[in-house]
Each structure stands twice: as structure tokens, then as C-alpha cells.
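Structural overview
Here is what each chain is made of, one letter per residue.
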Amino acid sequence: MFTLRSVAQPQTIEEAYKLLIQKRTNAILGGCAFLKLGSQRIDTGIDLTHLGLNLIQEKDGFIEIGASASLRDLETNPVLTQRFSSLLTNATANIIGVQFRNLATVGASVFSKYGFSDILTALLVLDTQVLLYKGGRMKLSEFLMRPFERDLLTNVFIKADDCQAAYQCLRNSASDYPVLNVAVACSQDQWRIAVGARPGRAALALQAASLLNAEALSDATIEQAAKLASLELSFGTNMRGTAEYRRAMCQTLVKRAIREAIR
Ligand SMILES: Cc1cc2nc3c(=O)[nH]c(=O)nc-3n(C[C@H](O)[C@H](O)[C@H](O)COP(=O)(O)OP(=O)(O)OC[C@H]3O[C@@H](n4cnc5c(N)ncnc54)[C@H](O)[C@@H]3O)c2cc1C
């Protein structure tokens, strides 16, 4: 169990960031679902409740998601569901249960870059950007490549382009961490394919997507793209599955996801 010596509820984002960097042992509090698993001793826990970061709204061609929006908000928001073919609904639906998803936040889920994340895999196939107080605004793919740096993630932005999309995952049992997950999306004839829980962090299968973009869609092209995705990405072994198993499942899940997206 983690320990909190005090909790601060800053009134501005600047104040929250200043508190964060004031002391190495200060930490941002999301829904605390993951923090609770550890034994961290936190001096000041920074609660973002008063910063108005819990909204999901469409603005200037983007859907803006505040860091404090819950995974349940992501799952049930009608704008996200309509625009992205229920991609985010399906990606979140397997994470523990509704009560848990009402607590866990989008900001923590993205900032923490968990390898097993269902959320990151889905966000990666959309045109997603993140806004960090110090680091500024950047593409999610760029953020995922960067080394960890203390910062405050305030918003996630998704380009409000309609797309055909689908999400597939493989779990050893319901609500366990995924053995592998796959998201695909096609917007303006451009495909994106992401594979996560490899067990490393989600990554884009760029060669497989290029193949789909270049050729007419047929069973053979889908088959080829799925194979390419499984060959171009790296996979590892952990208690949930071997690298070989993940590579084989990648091919199957990518194929299923593309077929589902074009249905
Ligand atoms: C038992 C369990 C099972 C899970 N299974 C899955 C799963 O199958 N699939 C999946 O995708 N996810 C899974 N998760 C992860 C979950 O979805 C959340 O991503 C995770 O709990 C973090 O969200 P939180 O709000 O609880 O973060 P917290 O526990 O509050 O914080 C986690 C970390 O993020 C930091 N942080 C919080 N907010 C911010 C911010 N705005 N900016 C910068 N840093 C911040 C905190 O300081 C802390 O270091 C699981 C988590 C748990 C505990």
C-alpha cells in the first residue's frame, strides 16, 4: 500500500506542475488504482480535481480529452463512439470492471506508457497528440519513444476524422492483462495498425499499413499485411505467453481486426 503524507488540490495547472517538481517524492494522483499496488511513500499527492481536466469535448477539429477523464468516460462518450467505430469502447471494455474504469484516468494511463496498455494501442491508430505542461504538444507516437521525464500530462487530442476501426485482444482470462492487443483504423484511405502487449509498449506496424495503402483490399492483401505485421515487430516472452505465440497471434488478430473494420 502506498503512503501519502499530504494531499494538495491546486487551482491552476502551473501550480500543480510547480508542486510536482518541488520534491522528487511528490506525485500526481490519477484514480490511484495503480499507485495503490505499490509501496511508494509520497510526500504531497497532487490531486487534479479542481483543474477542470475531466471533460471530453470537440474543439477546433480535435476531440480534446482532459487528463482526469476516466476510462469509463472514454468508453461511453458518444462522440468518440460515433467517430471511431467504437474503437475506444472496445479497447476499454476488458479492463477489470466498470467500477475500476470509473476511477482510472486517461492521463495516468497515457503518461505511464504501460506495455500492456489497451488504451495506448487504440489511441496509436488514431491521429492522437498529447499535451504535457513542460514538454508541450506532440504526437503520441513521439511521446512513446521519449525517455521518461517528470511532467504533467494535461490533455490528449484526437483528430476528429471519422474512421473505420476495430480492436482485438487476446486474454488468458477475462479482466487479466492482455497477452496481445491489436488496433486498426482506416481514415481517408490511409491504414494504421498498432500492436501492444508484445509485451513491450504498443508500436505501429508501418510496413503492413503501407501494403494496405498501396494495394486493393483483398483476402490475399489482408493475409499478407497480417503476416508482415507479425514479422516487422518484435515480441517477447513473459508469464502470459512466449514471443513465438505472440507472433502467431499477431497475424491472426491483425487479420481479424482488418476484416472487422471493413465490414
Ligand atoms: C489491477 C490492474 C489491472 C489493470 N489492467 C489493465 C488492462 O488490462 N489494460 C489496460 O490498458 N490497463 C490496465 N490497468 C491500468 C489502468 O487502466 C490505468 O492505466 C492505471 O490504473 C493508471 O490509472 P490511474 O488513474 O489509476 O493512475 P494512478 O494510479 O493514480 O497513477 C499512475 C501513475 O501515473 C502518474 N500520473 C497520474 N496522472 C498523471 C498525469 N496527468 N500526468 C502525469 N503523471 C500522472 C501517477 O503519479 C503515477 O505515477 C490495470 C491497472 C490495475 C491496477
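Residues numbered from 1 in each chain as written. Predicted model: local features only at pLDDT ≥ 70, side-chain atom pairs only at ≥ 80, totals over all residues. Heavy atoms only, no water.

The name recorded for the protein chain in an unreviewed UniProt entry is FAD-binding protein, from Anaerosporomusa subterranea.

1. Regarding the pattern of salt bridges
To keep it simple, the criterion reads: Basic side-chain nitrogens of Lys or Arg form a salt bridge, by our definition, when they fall within 4 Å of a carboxyl oxygen of Asp or Glu. Here a helix means four or more residues in a row that DSSP labels H or I, a strand means two or more in a row labelled E, and each is numbered from the N terminus. The buried label applies to any residue whose accessible area, calculated with a 1.4 Å probe on protein chains only, is under 20% of its type's maximum; exposed applies above 50%, and partly exposed to all values in between.
Counted according to the given criterion, the structure contains 16 salt bridges. Between E14 and K18 there is a salt bridge, and its shortest N-O distance comes to 3.4 Å. Within this pair, E14 and its partner K18 are both found in helix α1 (residues 13–22), separated by 4 residues, close to a single helical turn. What makes E14 partly exposed here is its relative accessible area of 41%. A salt bridge links K23 to D43, with the nearest nitrogen and oxygen atoms 3.4 Å apart. With K23 in the loop between α1 and β2 (27–29) and D43 in strand β3 (residues 41–47), this residue pair connects regions lying 20 residues apart in the sequence. Here K23 falls in the partly exposed class, since its relative accessible area comes to 43%. Within the structure, one salt-bridge network assembled from shared partners comprises R5, K23 and D43.

2. Quick notes on the packing of helix α9 (residues 206–214) against helix α10 (residues 219–232)
To keep things clear, this is the line we draw: Under this scheme, a helix contributes an axis fitted over its contacting stretch, all axes are lines through C-alpha atoms, and angles between N-to-C directions fall in the 0 to 180 degree range. Every angle not falling under 35 degrees, over 145, or within 65 to 115 is termed oblique; those three ranges are roughly parallel, roughly antiparallel and roughly perpendicular. By definition, any crossing whose near helix is turned counterclockwise from its far helix by less than a right angle is left-handed, and any crossing with a clockwise turn is right-handed. In this description, contact between two residues means that some pair of their heavy atoms is separated by no more than 4.5 Å. Just so you know the grouping, Ala, Val, Leu, Ile, Met, Phe, Trp, Tyr, Cys and Pro go in nonpolar, Asp, Glu, Lys and Arg go in charged, and all remaining residues, Gly too, go in polar.
Packing of α9 against α10 leaves a shortest axis separation of 7 Å and a crossing angle of 165°. The pairing of α9 with α10 is recorded here as roughly antiparallel in orientation. Helix-helix and strand crossings are classified by hand; for α9 and α10 the assignment is right-handed. For the pair α9 and α10, contact is made by L206, Q207, A208, L211 and L212 and by T221, Q224, A225, L228, A229 and E232, respectively. Residue composition of the contact of α9 with α10, grouped by class: 7 nonpolar, 3 polar and 1 charged.

3. Section: the nonpolar core
Rules: Only buried Ala, Val, Leu, Ile, Met, Phe, Trp, Tyr and Cys residues count toward a nonpolar core, and they belong to the same one when joined by side-chain atoms within 4.5 Å. Start and end points for every domain follow an automatic or database-based domain assignment.
Ranked by internal contacts, the top residues of the largest apolar core, which has 41 residues, are I65 and V110. Considering every element that reaches this core, the biggest residue donor is helix α7 (residues 118–124), with 5 residues. Viewed by domain, this core spans two of them, domain 2 (56–159) and domain 3 (165–262), each represented by three or more residues. For I65, the residues in contact, after removing those within four places along its chain, are L55, I56, L74, L80, V106, T154, N155, V156 and I158. W191, I193, A209 and L253 belong to the second largest nonpolar core, which has 26 residues in total.

4. Focus: unusual backbone geometry
For the bond running from R198 to P199, omega is 10°, close enough to zero to count as cis. Among the secondary structure elements, P199 is positioned in the loop between β11 (190–196) and β12 (203–204). One non-glycine residue with positive phi stands out, namely D60, at about 50°. By the secondary structure assignment, D60 is in the loop between β4 (56–59) and β5 (62–66). Of the residues examined, D60 reaches a relative accessible area of 74% and is grouped as exposed.

5. Notes on the site of the ligand
Under the convention used in this document: When at least one non-hydrogen atom of a residue lies within 4 Å of a molecule or strand, that residue is treated as near it. A 3.5 Å cut-off defines polar contacts: any pair of N or O atoms within that distance qualifies, except that in protein one atom must be a possible hydrogen donor and the other a possible acceptor, and neighbouring residues in sequence count only when both atoms are side-chain atoms.
Around the ligand sit 33 residues in total, of which I28, G31, C32, S109 and D118 are the nearest. Backbone polar atom of C32 to an oxygen atom of the ligand: 2.7 Å apart, as the coordinates give it. For the ligand, a nitrogen atom lies 2.9 Å from a polar atom in the backbone of L153. The set of elements that each furnish at least two residues to the shell around the ligand consists of β2, α6 (106–111) and α7. Counting residues per element, the shell around the ligand draws most heavily on α6, at 3 residues. Tallied by class, residues from the shell around the ligand come to 23 nonpolar, 6 polar and 4 charged.

6. Looking at the domain arrangement of the protein chain
Filter applied, for reference: A quick way to say it: buried area is the sum, across both parts, of accessible area lost when two parts are put together, with a 1.4 Å probe.
According to the domain assignment, the protein chain contains domain 1 (3–45), domain 2 (56–159) and domain 3 (165–262). Distance from the C-alpha centre of domain 1 to the C-alpha centre of domain 2: 20 Å. In this assembly, 13 residues from domain 1 lie in contact with 11 residues from domain 2. Both sides together, the interface formed by domain 1 and domain 2 hides about 1,100 Å², and carbon and sulfur atoms give 72% of it. Summed over the three residues of domain 1 that lose the most area to domain 2, namely I13, Y17 and F34, the buried surface amounts to 42% of that side. Our count for the contact surface shared by domain 1 and domain 2 stands at 0 salt bridges. In this structure, the connection of domain 1 to domain 2 is made through 4 residue pairs in polar contact (both at pLDDT 80 or more).

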